[in-house]
Amino acid sequence: MIKKVLIYTIAFFLLAPYLFSQSRDELIIKGIDYVYQLKFDSATAIFQPMADREPKDPTGPFFLAMTEWWRVYVNKEDHSNDDNYLSKVDWCIRVCDERIDANENDDWATFLKGGVIGYRGFINSIRENWLKAIDDGREGLNLIQRAYELNPGNKDAIFGIGLYNYAADYVVQRYPFLKAVLFFFPKGNKELGLQQLRDCAENGKFSKTEASVVLCFVHLKYEKNYPEAVKYAVKLTQMYPQNPMFQRFLGICYIGLFKWMEADTLYMNILANNDSAKTGYTGPYVKREASYYYAVAISKMNRLDEALKYYEQAYNLSKELDKDDQSPFQVFSVLGMGIIYDQKQNHSEAVKYYDRVIEMKDIDNSRETAQKFKQSGMK
């Protein structure tokens, strides 16, 4: 505790000239920039004095909560900061409620309350607290919409509405059985949602970068639109080269675009940072992902023995992490090893791996692919 206070104190004095010479909005943008650089203590040194000076203004508590949100997000498997994050959320909601009780048309307090609850919903979904996530999503959306009605010029509110429009439409299309659960939610519109997110990425005041992050993730994960995703991934990594999330986005773009040499360099760097325990790169989940995609890239460059080693590493990590389930990394690492033995002209050994895949969980037609390769080899 003493060490943390000392860090904040030093950071405050280093930042003092900026704190007293810049406007409130400039300070917020500077603090947000520190968050994306993973300089959480520097961000706190901006937002904490803001909260202390104006105890009835929810702005400081909101951005302190978002700073802690990113601490959680960059290392999602570590639950040690969850309580600290949730306490900041409760603080922000309490201050927002006091402002709204005094003035029900306070658009800024309404917007911040909606935003902080919506992001809490995201953490609840990561922690598989699904009912809480749904409740947070519904309440957060209602508040964001109310804030936008009160202030249609708030481009940052468009971010939340756009995110909902995309997600609600995608979920219903992808998982029709969830229609009943979402019956009381407004209908989504995927194309409108993407348009609104692009609007925020270009014109938002505080959410420009976050909108770019979401657009990159959506095009990468759900749309499989790698040429569009890589535009945002390159932009984000150039702005914040030390942020591992953006590095990981870019790596998957390279894999999707068959840019094997670029992927080789990037994943080798991620693995080196993991080995040296660099902030944001630590943990077995990061190592598994990087090992798998590194194996994919170098296998395409005909470095077969090295690729086999990293597929095995990804598989072994998956066995530890997946517990009673089988992740895509586990299944496709086994399939990848089979393909490598076929590339090495050892089909009989490859068949052993294909048989294992056939016995494993079927993910994205993995069994059918393994059966085809078993019969005719990997062409």
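Further up the page is the structure itself.
Remember, it's a predicted structure, so these values are computed and weren't measured experimentally. (Residues numbered from 1 in each chain as written. Predicted model: local features only at pLDDT ≥ 70, side-chain atom pairs only at ≥ 80, totals over all residues. Heavy atoms only, no water.)

Side note on the state of the cysteines
Rules: Two cysteine sulfur atoms form a disulfide, by the criterion used here, when they sit within 2.5 Å.
Summed over all chains, the structure comprises zero disulfides. Unpaired in this structure, Cys92 has its nearest cysteine sulfur neighbour in Cys96, at a distance of 4.0 Å. No disulfide involves Cys253; its sulfur sits 5.0 Å from the nearest other cysteine sulfur, which is in Cys216.

Some thoughts on the packing of helix 5 (residues 82-102) against helix 6 (residues 107-126)
For any two helices packed against each other, the geometry comes down to the angle between their axes and how far apart the axes lie. Threshold: Between the N-to-C directions of two axes lies an angle of 0 to 180 degrees, each axis being a line fitted to C-alpha atoms and, for a helix, fitted only over the stretch in contact. Numbering of helices and strands starts at the N terminus; helices are DSSP runs of H or I of at least 4 residues and strands are runs of E of at least 2. Angle categories are assigned with fixed cut-offs, so that under 35 degrees is roughly parallel, over 145 is roughly antiparallel, 65 to 115 is roughly perpendicular, and the rest are oblique. For any helix crossing, the convention is left-handed if the near helix is rotated counterclockwise from the far helix by under a right angle, and right-handed if that rotation is clockwise. Contacts are assigned to residue pairs with any non-hydrogen atoms lying within 4.5 Å of each other. Ten residues, namely Ala, Val, Leu, Ile, Met, Phe, Trp, Tyr, Cys and Pro, are considered nonpolar, four, namely Asp, Glu, Lys and Arg, are considered charged, and the remaining ones, Gly among them, are considered polar.
Viewed as axis vectors pointing N to C, helix 5 and helix 6 meet at an angle of 155 degrees, and their least axial separation amounts to 9 Å. Considering the angle they form, helix 5 stands roughly antiparallel to helix 6. Note that helix 5 runs across helix 6; the crossing there is left-handed. Taken together, the residues of helix 6 that come into contact with helix 5 (itself represented by Tyr85, Leu86, Val89, Asp90, Cys92, Ile93, Cys96, Asp97, Arg99 and Ile100) are Trp108, Ala109, Thr110, Leu112, Lys113, Val116, Ile117, Tyr119, Arg120 and Ile123. Grouping the constituent residues of the contact of helix 5 with helix 6 by class yields 14 nonpolar, one polar and five charged.

As for the pattern of salt bridges
Applicable threshold: Salt bridges are defined as contacts in which a side-chain nitrogen from Lys or Arg sits within 4 Å of a carboxyl oxygen from Asp or Glu. Accessible area is worked out with a 1.4 Å probe on protein chains only. A residue is then buried under 20% of its type maximum, exposed over 50%, and partly exposed in between.
Applying the stated criterion across every chain yields a total of 23 salt bridges. Salt-bridge contacts for Asp57 lead to Arg99; the nearest nitrogen and oxygen are separated by 3.8 Å. Placement of the pair is Asp57 in the loop between helix 3 (40-53) and helix 4 (59-73) and Arg99 in helix 5, with a sequence separation of 42 residues. Its relative accessible area of 14% is what places Asp57 among the buried residues. Between Lys287 and Asp275 there is a salt bridge, with its nearest N and O atoms 4.0 Å apart. One end of the pair, Lys287, is in helix 14 (residues 284-300); the other, Asp275, is in helix 13 (residues 260-275), with 12 residues separating them in the sequence. Judged by relative accessible area, Asp275 falls into the exposed class, the value being 59%.

Comments concerning the packing of aromatic side chains
Using the following cut-off: Each aromatic pair joins two rings of Phe, Tyr and Trp (for Trp, the six-membered one) with centres within 6.5 Å, and gets the label stacked for planes under 30 degrees apart, edge-to-face for over 60, and tilted for any other angle. The criterion for a charge sitting over a ring is simple: Lys NZ or Arg CZ within 6 Å of the ring centre, and within 35 degrees of the ring normal.
For the structure shown, the criterion picks out 28 aromatic pairs. Relative to Phe206, the ring of Phe63 lies with its centre 6.0 Å away and its plane at 75 degrees, an arrangement referred to as edge-to-face. Highlighted residues: Phe63 in helix 4 and Phe206 in the loop between helix 9 (190-203) and helix 10 (208-221), separated in sequence by 143 residues. Aromatic pair Tyr292 and Tyr293: ring centres 5.2 Å apart, planes at 75 degrees, arrangement edge-to-face. Judged on exposure class, the residue Tyr292 and its partner Tyr293 are both buried. Joined through ring pairs, the aromatic side chains of Tyr36, Trp69, Trp70, Tyr73, Tyr119, Phe122, Phe217, Tyr222, Tyr240, Phe246 and Phe249 make up one cluster. Above the face of the Tyr73 ring, Lys76 is positioned so that its terminal group lies 4.6 Å from the ring centre.

Describing the environment of Leu317
When you line up the elements, Leu317 lands in helix 15 (residues 304-321). By relative accessible area, which is 12% here, Leu317 ends up buried. Along the primary structure Leu317 and Pro284 are separated by 33 residues, whereas in three dimensions their C-alpha atoms are 6.8 Å apart. Sequence-distant contacts of Leu317, defined by excluding residues within four places in its chain, comprise Pro284, Lys287 and Arg288.

As for the packing of helix 10 against helix 11 (residues 226-239)
Across the interface, helix 10 lies against helix 11 with an axial gap of 8 Å and an inter-helix angle of 145 degrees. Read as a crossing pair, helix 10 and helix 11 show a hand that is left-handed. On the side of helix 10, the interface is formed by Thr209, Ser212, Val213, Leu215, Cys216, His219 and Leu220, while helix 11 contributes Tyr226, Glu228, Ala229, Tyr232, Ala233, Lys235, Leu236 and Met239. Partitioning the contact of helix 10 with helix 11 into residue classes produces 10 nonpolar, three polar and two charged.

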